[in-house]
Amino acid sequence: MTEAYIVATARSPIGRAYKGSLKDVRADDLATQMVRAAIEKVPGLDPARVEDLLLGCGLPGGRQGMNMARIVAVLLGWDTVPGATVTRYCSSSLQTTRMAFHAIKAGEGDVFVSAGVESVSGMAVGSSDYIEGVDLNNPRFADALAATEKRAAGGAGPWVDPRGSASLPDPYIAMGQTAENVAGLYGITRADQDAFAARSQQRAEAAIASGFWAGDITPVTLADGTVVAADDGPRRGTTVETLGTLQPVFRPDGTVTAGNACPLNDGAAAVVVVSERIVEELDLQPLARIVSTGVSGLSPEIMGLGPVEASRRALALAGLSIGDMDLVEINEAFAAQVIPSARELGIDEERLNVHGGAIAVGHPFGMTGARITSTLINGLTATGGRYGLETMCVGGGQGMAMVIERV
């Protein structure tokens, strides 16, 4: 069975939604720049050989609708390249990489582009909740929705697993509420979360100073010719003390704040995945081999623990252990969920998110899978590591993971 290799990556700077450096850039234009940049990094590769352009988008719709992957292909002048837009929320562009990996393994193609994009700035306000005032929530979840609202108002105790009862879990729950649920279940304190968030910011600041993030980022050219080459998110000088001044966002007596959670963002990334036949034909030097992937499901109300089982599945398929991983990247949706996930998996803190994570650099939903792939590969290269694990929680109660080997 043929191997699948990552031979190029490109990821944009990450802008702050509504007010940041990329707020006026359309998602399809942003994705187009990153796909072009990634393909141009592969010597001798004719774009016409791309079998499929697979684009992850967490919340497709509005300006992010109409099968954006095919629109990107047409914008690139790739009339003969098909495209598919995929959503698995926060792991959308890890899912597209998985699809490319599987297609190559199955012998159904040799060259694929896995990309991801999210422009929260370009979303219609409330588009995920209603269409012209019509409630889209399935009424079968009314009891669960009411329980979530009660907890949010501070009128109920911690989350209780609904399995075995008449109540269904709440699949529409706000992600911040899931973080509060996980914090309560695992006893993750406000101090724990702020310490982790400060660590993320401080590691990102150190990575900026070392030039790591500059090497990871592909600059974006705006319509007026301005070039954006740095993430908006990292906040220099962040400390536990400064984070401690912030108020809880999701519950009056909660622990999750704007400082220990990821912000809302805009960004795009792309990964080129090819078979070993293409590697040999074009005499390419791969960046990494895709070893395995894994997905998992759990209650939507504690979705933050998704990385645990997904990582275990990916590691088992790879025939490796967490101790074999030289670097691990867990998407920092919330400090409240990264901390217990890392503890459950037994991850050495010195190998986890060593250049900072989404709390500092940002989390454009559909982009994140491909962005973390780029960061993980560059991190392994910088440290001389061999194996890396990428994993994340996924809205709706899922987890996803991928094991790669630097080659």
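All residue numbers refer to positions counted from 1 along the written sequence of the respective chain. Residue-level local features of this predicted model are given only where pLDDT is at least 70; pairs of side-chain atoms are given and counted only at 80 or more, and the full residue set underlies all totals for whole chains, interfaces and linings. Water and hydrogen atoms were dropped before computing side-chain values, which therefore reflect all heavy atoms in the structure.

1. Observations concerning the side chain of N260
- Residue placement: N260 occurs in the loop between α8 (240–243) and β10 (265–275).
- A polar side-chain atom of N260 sits 3.0 Å from a polar atom in the side chain of D194.
- Residue contacts are counted whenever heavy atoms from the two residues lie within 4.5 Å of one another. Residues in contact with N260, not counting those within four places in the same chain, are R190, Q193, D194, A197, T255, F334, A335 and I359. Helix numbering and strand numbering both begin at the N terminus, where a helix is a DSSP run of H or I of at least 4 residues and a strand a DSSP run of E of at least 2. By the criterion applied in these results, polar contacts are pairs of N or O atoms within 3.5 Å in which, for protein atoms, one can donate a hydrogen and the other can accept it, and in which residues neighboring in sequence qualify only through two side-chain atoms.

2. Let's talk about unusual backbone geometry
- Positive phi is not limited to glycine here, since Y18 has a value of about 75°.
- For Y18, the position within the fold is in the loop between β2 (15–16) and α1 (27–40).
- Phi at N67 takes a positive value of approximately 45°, unusual for a residue other than glycine.
- Note that N67 resides in the loop between β3 (52–56) and α2 (68–75).
- Relative accessibility decides the category of a residue: with a 1.4 Å probe and only protein chains considered, values under 20% of the type maximum give buried, values over 50% give exposed, and everything between is partly exposed. Judged by its relative accessible area of 34%, N67 is partly exposed.

3. Re the environment of G20
- Examined against the element boundaries, G20 turns out to sit in the loop between β2 and α1.
- On the basis of relative accessible area, G20 is assigned to the buried category, the value being 14%.
- C-alpha of G20 to C-alpha of P82: the two residues are 62 residues apart in sequence and 32 Å apart in space.

4. Observations concerning the pattern of salt bridges
- In the sections that follow, a salt bridge refers to a side-chain nitrogen of Lys or Arg positioned within 4 Å of a carboxyl oxygen of Asp or Glu. This structure, assessed with the given rule, holds 18 salt bridges.
- With a shortest N-O distance of 3.3 Å, E3 and R289 are connected by a salt bridge. Residue E3 is located in the segment before β1 (4–11), and its partner R289 is located in strand β11 (residues 288–297); the two are separated by 286 residues in the primary sequence.
- The class of R289 is buried, set by a relative accessible area of 18%.
- For R312, the salt bridge identified is with E344, shortest N-O distance 3.8 Å. Linking R312 in helix α10 (residues 306–318) with E344 in helix α11 (residues 335–345), this pair joins segments that are 32 residues apart in sequence.
- Through salt bridges with shared partners, a single ionic network connects E3, K105, R289, R386 and E405.

5. With respect to the packing of aromatic side chains
- Two rings from Phe, Tyr or Trp (for Trp, the six-membered ring) form a pair when their centres sit within 6.5 Å of each other. Planes less than 30 degrees apart are called stacked, planes more than 60 degrees apart edge-to-face, and all others tilted. Per the stated rule, a full pass over the model turns up 3 aromatic pairs.
- Centre to centre, the rings of F250 and F334 are 6.5 Å apart; their planes meet at 75°, and the pair counts as edge-to-face. Here F250, found in the loop between α8 and β10, pairs with F334, found in the loop between β12 (327–330) and α11; they are 84 residues apart in sequence, far enough to count as distant.
- On the basis of relative accessibility, which here comes to 27%, the residue F250 falls in the partly exposed class.

6. Some words on the confidence of the model for the protein
- Known as pLDDT, the predictor's per-residue confidence is scaled from 0 to 100. When pLDDT is averaged along the protein, the result is 95, and 97% of the positions lie at 70 or above.
- Predicted confidence is poor over residues 126–130, with pLDDT under 50, and the contacts of this stretch with residues over four places away or in other chains come to 5 contacts.

7. Things to note about the nonpolar core
- By nonpolar core is meant a set of buried Ala, Val, Leu, Ile, Met, Phe, Trp, Tyr and Cys residues that side-chain atoms within 4.5 Å join together. V35, L53, L55, W78 and V272 are the most contacted members of the largest nonpolar core, which totals 42 residues.
- At the level of elements, β1, α1, β3, α2, β5 (111–119), β10 and α9 (276–281) are the ones that each hand at least two residues to this core.
- With sequence-adjacent residues up to four places away left out, V272 is seen in contact with Y5, I6, V7, A8, A38, I39, V42, L45 and F112.
- Formed by 36 residues, the second largest nonpolar core is a distinct cluster that contains A179, A197, L320 and A342.

8. Comments concerning the side chain of S91
- Considering the arrangement of structural elements, one finds S91 in the loop between β4 (83–86) and α3 (92–105).
- For S91, a relative accessible area of 0% corresponds to the buried category.
- Residues in contact with S91, not counting those within four places in the same chain, are M392, V394 and M400.

9. A closer look at the pairing of β4
- Judged from the 4 bridges that link them, β3 and β4 form a sheet pairing that is parallel. Pairing of G56 across the sheet is with V86, part of β4.
- Seen with its strands pointing away from the viewer, a crossover is right-handed when the path leading from the first strand over the helix to the second is clockwise. After leaving β3, the chain enters α2 and then returns to the sheet as β4, a path that is right-handed. Here, strands pair whenever DSSP counts at least two bridges between them.

10. Section: the packing of α10 against α11
- Axes, fitted as lines to C-alpha atoms, cover a helix only where it is in contact. Angles between the N-to-C directions of the axes lie from 0 to 180 degrees. Orientation of α10 relative to α11, taken along the N-to-C sense of each, is 35°, at an axis distance of 8 Å. Handedness of the α10/α11 crossing: right-handed. For the pair α10 and α11, contact is made by P307, V308, S311 and R312 and by Q337, S341, E344 and L345, respectively.
- Across the contact of α10 with α11, the residue classes break down as 3 nonpolar, 3 polar and 2 charged. What makes a crossing left-handed is the near helix being turned counterclockwise from the far one by less than a right angle; a clockwise turn instead makes it right-handed. Three classes are used, and their members are as follows: Ala, Val, Leu, Ile, Met, Phe, Trp, Tyr, Cys and Pro are nonpolar, Asp, Glu, Lys and Arg are charged, and the others, Gly among them, are polar.

11. A closer look at the pairing of strand β13 (residues 387–394)
- Summarising burial for β13: 8 of the 8 residues are buried, a large majority.
- Direction of pairing for β13 relative to strand β14 (residues 398–406): antiparallel, over a ladder of 8 bridges. Note on β14: the bridge partner recorded for V394 is Q398.

12. A look at the environment of G259
- Within the secondary structure layout, G259 lies in the loop between α8 and β10.
- When the C-alpha positions of G259 and S311 are compared, they lie 27 Å apart, and in sequence the two are 52 residues distant.
- Setting aside anything within four residues of it in sequence, one finds G259 in contact with A197, L243, L246 and I359.

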